[in-house]
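# Survey of secondary and tertiary structure
Below, each chain spelled out in residue letters.
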Amino acid sequence: MMKGTCSRMFAALVDLAEGRESAEAAAHVAQCASCAGVLRDLERGVRSLRAGFYDAPADVTAAAKSIFPLPVRVAVRLLGTTLAGAGARGETAVQAAYEFEGGRARILYQPEEEGWSVMARVEGEGWRAFPAELDEQGRVEFRVQALGEARLRLVREGVEVVIDPPSEEADASR
């Protein structure tokens, strides 16, 4: 942690790392081993940011992808949906229950001031969720700008379950 003179010198150390001159910072670094170390770290970071990216040839990418088998997509069965009044604008939240090989999921799609909140509870062992991680109780929560972006993807041992959100066109409140 930088203190005193060193903490006031940080912006000047960033200038040095980015190639701008600062006589005061250069003099300080010559006398302060701690700030000299910070400067080295900053310079290493700047070099890394300036490094170019390499796009692998398509055949190399395809070969790498072939090492891992694609997951088998499992069908999802909608068990039922319910609508509930929610929010100051009189919008409705949609709750849906789904069943699939190896588990079940209950999902609440809640309209917010800007976008949608998606809260789900997944039953079944070993599932990983995307776009957000499941907690220890199998819950996941994330936000999206549009209901159509509220797709929940579950993956387990080579099996993939994709749960698409209800369409906004089907929501009479919109």
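Procedures and definitions
Residues numbered from 1 in each chain as written. Predicted model: local features only at pLDDT ≥ 70, side-chain atom pairs only at ≥ 80, totals over all residues. Heavy atoms only, no water. Buried < 20%, exposed > 50% of the residue type's maximum accessible area, 1.4 Å probe, protein only. Helix = DSSP H or I, 4+ residues; strand = E, 2+ residues; numbered from the N terminus. Pairing = 2+ DSSP bridges. Arc of directions from axis to C-beta. Contact = heavy atoms within 4.5 Å. Phe/Tyr/Trp six-rings, centres within 6.5 Å; stacked < 30°, edge-to-face > 60°. Lys NZ or Arg CZ within 6 Å of the ring centre and 35° of its normal.

### Quick word on the pairing of strand β3 (residues 92–100)
With 7 of its 9 residues buried, β3 lies for the most part within the structure. Pairing of β3 with strand β4 (residues 103–111) involves 7 bridges; the strand directions are antiparallel. Residue pairing across strands places Val 94 opposite Tyr 109, the latter belonging to β4. Here β3 folds back onto β4 in antiparallel fashion, the turn holding 2 residues, of which Gly 102 has a positive phi close to 95 degrees.

### Points about the sheet that holds strand β9 (residues 159–163)
A sheet is described by the order of its strands in space; here 4 strands give the open sequence β1-β9-β8-β6, paired in mixed fashion. Across the chains shown, the open sheet's two edge strands, defined by having one partner strand only, are β1 (72–73) and β6 (128–130). Pairing of β1 with β9 involves 2 bridges; the strand directions are parallel. Within β9, the residue paired with Arg 73 across the bridge is Glu 160.

### Quick look at helix α3 (residues 23–31)
By the burial criterion, the buried members of α3 are Ala 25, His 28 and Val 29. Each buried residue of α3 sits inside an arc of 100 degrees when the element is viewed along its axis, so together they form one side. What points out from α3, more than 90 degrees from its buried face, is the exposed set Ala 23, Ala 30 and Gln 31.

### Looking at the side chain of His 28
Checked against the element boundaries, His 28 lands in helix α3. The exposure class of His 28 is buried, given its relative accessible area of 15%. Non-local contacts of His 28, meaning those with residues more than four positions away in its chain, are made with Thr 5, Cys 6, Met 9 and Cys 35.

### Focus: the packing of aromatic side chains
In this description, an aromatic ring pair is defined by two values, namely the gap between the centres and the angle between the planes. Summed over all chains, the structure comprises 1 aromatic pair. A ring pair is formed by Phe 100 and Trp 127, whose centres lie 5.4 Å apart and whose planes are at 90 degrees; its orientation type is edge-to-face. Of this pair, Phe 100 sits in strand β3 while Trp 127 sits in the loop between β5 (116–123) and β6, placing them 27 residues apart in sequence. You can call Trp 127 buried: its relative accessible area is 7%. It is Arg 153 that lies over the ring of Phe 130; its NZ or CZ is 5.0 Å from the centre.

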